[in-house]
Amino acid sequence: MPEPVVLEGQEAVLRAALTLLDEARRGGSRRLLGVAGAPGAGKSTLTELLARELPEGSCTVVPMDGFHLADVALDALGRRDRKGAPDTFDAGGYAALLQRIRAQMPGDDVVWAPMFERELEQPLAGAIAVEAEVPLVITEGNYLLLDEGPFAGVRALLDACWFVETPEDLRHERLIARHERFGKPPAAARDWALGPDEANARLVTATGHRADARVRLG
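What you see is a predicted model, and the numbers here were worked out from it, not measured in a lab. Along each chain, the written sequence defines residue order, and numbers are assigned to residues from 1. The predicted origin of the model limits local features to residues at a pLDDT of at least 70 and limits the giving and counting of side-chain atom pairs to 80 or more, whereas totals for whole chains, interfaces and linings rest on all residues. Side-chain numbers come from the whole structure's heavy atoms, not from hydrogens or water.

**Student:** Explain the packing of aromatic side chains to me, using residue names and the numbers behind them.
**Tutor:** Whether two aromatic rings pair depends on their centres lying within 6.5 Å, for rings of Phe, Tyr and Trp, where Trp uses its six-membered ring; planes under 30 degrees apart make the pair stacked, over 60 edge-to-face, and the rest tilted. Within this structure, the stated rule accounts for five aromatic pairs. Between the aromatic rings of Phe89 and Phe151, the centroid separation amounts to 6.2 Å while the plane-to-plane angle is 75 degrees, which identifies the pairing as edge-to-face. Residue Phe89 is found in the loop between helix 3 (71-77) and helix 4 (91-103), and its partner Phe151 is found in the loop between strand 6 (136-141) and strand 7 (160-164); the two are separated by 62 residues along the sequence. Taken as a pair, Phe89 and Phe151 share a single burial class, namely buried. The way it works is that DSSP assigns letters per residue, a run of H or I at least four long becomes a helix, a run of E at least two long becomes a strand, and they are numbered from the N terminus. Categorising residues by exposure relies on relative accessible area from a 1.4 Å probe, with only protein chains included: less than 20% of the type maximum marks a residue as buried, more than 50% marks it as exposed, and the intermediate range marks it as partly exposed.

**Student:** I'd like to hear about the state of the cysteines, residue by residue, with values.
**Tutor:** Only a pair of cysteine sulfur atoms within 2.5 Å counts as a disulfide in this structure description. This structure, assessed with the given rule, holds zero disulfides. Between Cys161, a cysteine without a disulfide, and Cys59, which holds the nearest cysteine sulfur, the sulfur-to-sulfur distance is 16 Å. A relative accessible area of 0% means that Cys161 is categorised as buried.

**Student:** Quick one: what's the story with the sheet that holds strand 8 (residues 213-216), residue by residue and with numbers?
**Tutor:** Taken in spatial order, the six strands of this open sheet run 1-8-7-2-6-3, and their pairing is parallel. In the strand order of this sheet, the two ends are held by strand 1 (5-8) and strand 3 (59-61), each with one partner. When strand polarity is set aside, the average angle formed by the axes of neighbouring strands in this sheet is 25 degrees. Strand pairing requires that DSSP identify at least two bridges connecting the strands. In this sheet, strand 8 lies alongside strand 1 in parallel orientation, the contact comprising four bridges. Within strand 8, the residue paired with Val5 across the bridge is Ala213. Note on geometry: axes are C-alpha line fits, over the in-contact stretch for helices, and angles between N-to-C directions span 0 to 180 degrees.

**Student:** Can you lay out helix 7 (residues 196-205) for me, pointing to particular residues and giving the numbers?
**Tutor:** Burial in helix 7 covers these residues: Asp197, Glu198, Asn200, Ala201 and Val204. Along helix 7, the residues classed as buried sweep out an arc of 160 degrees about the axis, all on the same side. The contact rule is simple, with two residues in contact once any of their heavy atoms fall within 4.5 Å. Those residues of helix 7 that are buried are in contact with strand 7, helix 5 (168-181) and helix 6 (186-194). Arc definition: directions from the helix axis to the C-beta atoms.

The structure is reproduced here in structure tokens:
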């Protein structure tokens with residue numbers, strides 16, 4: 001497997017995204033771009049940048065986080081203290097959605113995707129409309145590059161996958177701030193960021209070599 005190329009800064013990222021978009025339009029077939037990375041690396045920041053800067057109506061963002069299992073399911077399975085680990089997602093449902101999105105043709109019905117509502121810390125079904133005419137669909141999440149377990153089939157459904165890299169200190173700082181922003185006391189936010197989140201981050205970081213590109217936004 002060739003080494004991932006490095007996309008340094010916003011301009012390089014946008015050029016690469018525009019190339020994918022141009023391929024989709026010239027080829028008359030949709031492209032799926034995956035954005036992977038450890039918790040707090042900046043995946044959402046990158047997808048928000050692309051959605052804002054690419055031509056209007058040219059892309060839709062479908063996050064993997066919409067396939068979080070609800071807390072009631074995690075409680076029943078005894079996994080709530082590991083929320084965010086691979087087995088706390090409906091990986092099969094996520095892969096099935098990507099297959100539907102790949103198969104969607106101009107003129108087909110809208111495909112509805114779930115989203116994750118951070119204010120509630122719960123998934124919401126049918127929240128994101130994927131219109132059939134959109135040439136580029138961007139999906140982001142931690143586990144797009146896993147090569148074992150139920151997420152192993154995801155990589156093959158993507159035309160390209162980028163891995164976001166961020167200095168560890170900054171990543172931890174972002175995670176702790178995010179947890180505090182959504183209701184955790186400071187000590188609990190730090191414990192979660194450096195505990196369950198960090199265990200997941202180690203797993204995700206080990207998959208970075210499977211990406212087509214490493215993204216460094218600075």
